[in-house]
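Observations on chain architecture
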Amino acid sequence: MNITSTFSVAGRCSATGSLGAVVTSSSPAVGARCLSVRGQSGVILSQNVTDPRLASIGYSALEKGYDAEAAVRAMKNVTPYPDYRQLAVVDAKGGSSVFTGKKALGVHGEFCSTNVAAVGNLLSDPAIPEAMGRHFIEQESVSLPERLISSIEVGFEMGGEMDQEHSIALLVYTDELIPYVDLRVDYSEDPLSDLKKLWEIYGPQAEDYKIRAIEPARAPSYNVKGDE
C-alpha cells in the first residue's frame, strides 16, 4: 500500500469519446500508482492509501458492460480495507462515480457529474474537487488534454494539498488502444509548470505520433539523424 496525498480529475470528451485523467501528489511518481485509462472502457483513479490492483477489478466490471457506479462498488467489495481508499471512475458512456473511505487522509472532497469525476485528500480546501469538476464541465469546447490541465490548475490556484505537490501525470486515450498522451513529471518543485511545458512541446506532435503507430508509411519526418 502507498500513502499519497493527492488530487485528481478524470474526464470524458462527449464530442470525441476520448477518455483521460490528470493527477498530482506531494509524493513522487504519482502517475505510476494512482491513475489508469483504458481506451473504450473508462478511467479509474485509486488514491489516498493506494492499491493499484483495484483498477483491474474496476475494468473487469466496465468491460462486462457495467457502469461507473458498479465498477466502484466492485472495487470497494473486493478490498479488505475500503475505509482507506479513495476511488473515482468515469466510464465510456460518461457515467461517473466516486467513493471516499472513512479513514481518508486529512481534509478530503469529491465531485462527480456526467463525463467527470474529481477527488482529493489532504486538501487545503474541501471545495477543490467540485471546483475542478465544474471547471471541466465549463471547458467543453477545449481539447481533453487541455481541459484536464486547466481543471487541475484550478486546484493548484485554490491552495492544492497541505503538502507541496511534487509529481503530476496526464494520460489520455482517443479511439485507439494506445495512449494519445502519456506525460509524467515524477519529481519537481513546480510540477504543474513542468507539465504545461511538456504539453506545449508534445501537444503539436501528439497526432503525428499516433499516425506513426497506426500508419507509419504516412507519418511525417522530424528530420532526426537516420530519418529519411
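What you see is a predicted model, and the numbers here were worked out from it, not measured in a lab.

Mapped onto the elements, E200 comes out in helix α5 (residues 191-202). What makes E200 exposed here is its relative accessible area of 61%. For the pair E200 and G95, spaced 105 residues apart in the sequence, the C-alpha separation amounts to 30 Å.

Now for the pairing of strand β5 (residues 42-50). Among the nine residues in β5, nine count as buried, and that is most of the element. In terms of strand pairing, strand β4 (residues 35-38) meets β5 through four bridges, oriented antiparallel. Bridge assignment links R38 to a residue of β5, and that residue is G42. Hairpin connection between β4 and β5: a loop of three residues separates the two successive antiparallel strands, and Q40 in this loop has a positive phi of roughly 75°. Sheet topology note: the β5/strand β6 (residues 85-91) ladder contains seven bridges and is antiparallel. Among the inter-strand pairings, V43 is bridged to a residue of β6, identified as V90.

Glancing now at the environment of P179. Structurally, P179 can be placed in strand β11 (residues 179-185). For P179, a relative accessible area of 36% gives the class partly exposed. When the C-alpha positions of P179 and E140 are compared, they lie 21 Å apart, and in sequence the two are 39 residues distant. With sequence-adjacent residues up to four places away left out, P179 is seen in contact with L171, V172 and Y173.

Turning our eyes to something else, we now look at helix α4 (residues 144-157). Helical geometry: 3.6 residues make up each α-helical turn, so side chains three or four residues apart lie on a common side. Between its first and last C-alpha atoms α4 spans 20 Å; for 14 residues at 1.5 Å apiece the expected length is 20 Å, and the two agree. Counting buried positions along α4 gives ten out of 14 residues, so the element sits mostly inside the fold. If you check which residues of α4 are buried, you get L144, P145, R147, L148, I149, S151, I152, V154, G155 and F156. Buried residues along α4 sit in contact with β2 (6-12), β3 (19-25), α3 (128-138), β10 (167-173), β11 and α5. Of the residues flanking the end of α4, it is G159, one or two places downstream, whose phi is positive at about 115°.

Our focus in this paragraph is the pattern of salt bridges. Per the stated rule, a full pass over the model turns up nine salt bridges. With its nearest N and O atoms 3.0 Å apart, the salt bridge here joins D175 to K210. With D175 in the loop between β10 and β11 and K210 in helix α6 (residues 206-214), this pair connects stretches of sequence that are 35 residues apart. Among the residues examined, D175 registers a relative accessible area of 44% and is labelled partly exposed. For R218, the salt bridge identified is with E215, shortest N-O distance 3.2 Å. On the accessibility criterion, E215 (39% relative accessible area) is partly exposed. Taken together, the salt bridges that share partners define one network made up of D51, R53 and R85.

Scanning the model with the defined rule gives three aromatic pairs in all. With centroids separated by 6.3 Å and ring planes inclined at 80°, the aromatic side chains of Y81 and Y84 adopt a geometry described as edge-to-face. The exposure class assigned to Y84 is partly exposed, which follows from its relative accessible area of 30%. Across the ring face of F136, the terminal group of R147 is positioned such that the distance to the ring centre comes to 3.8 Å.

About the criteria used
- Residues numbered from 1 in each chain as written.
- Predicted model: local features only at pLDDT ≥ 70, side-chain atom pairs only at ≥ 80, totals over all residues.
- Heavy atoms only, no water.
- Helix = DSSP H or I, 4+ residues; strand = E, 2+ residues; numbered from the N terminus.
- Buried < 20%, exposed > 50% of the residue type's maximum accessible area, 1.4 Å probe, protein only.
- Pairing = 2+ DSSP bridges.
- Contact = heavy atoms within 4.5 Å.
- Expected span 1.5 Å × (residues − 1).
- Salt bridge = Lys/Arg side-chain N within 4 Å of Asp/Glu carboxyl O.
- Phe/Tyr/Trp six-rings, centres within 6.5 Å; stacked < 30°, edge-to-face > 60°.
- Lys NZ or Arg CZ within 6 Å of the ring centre and 35° of its normal.

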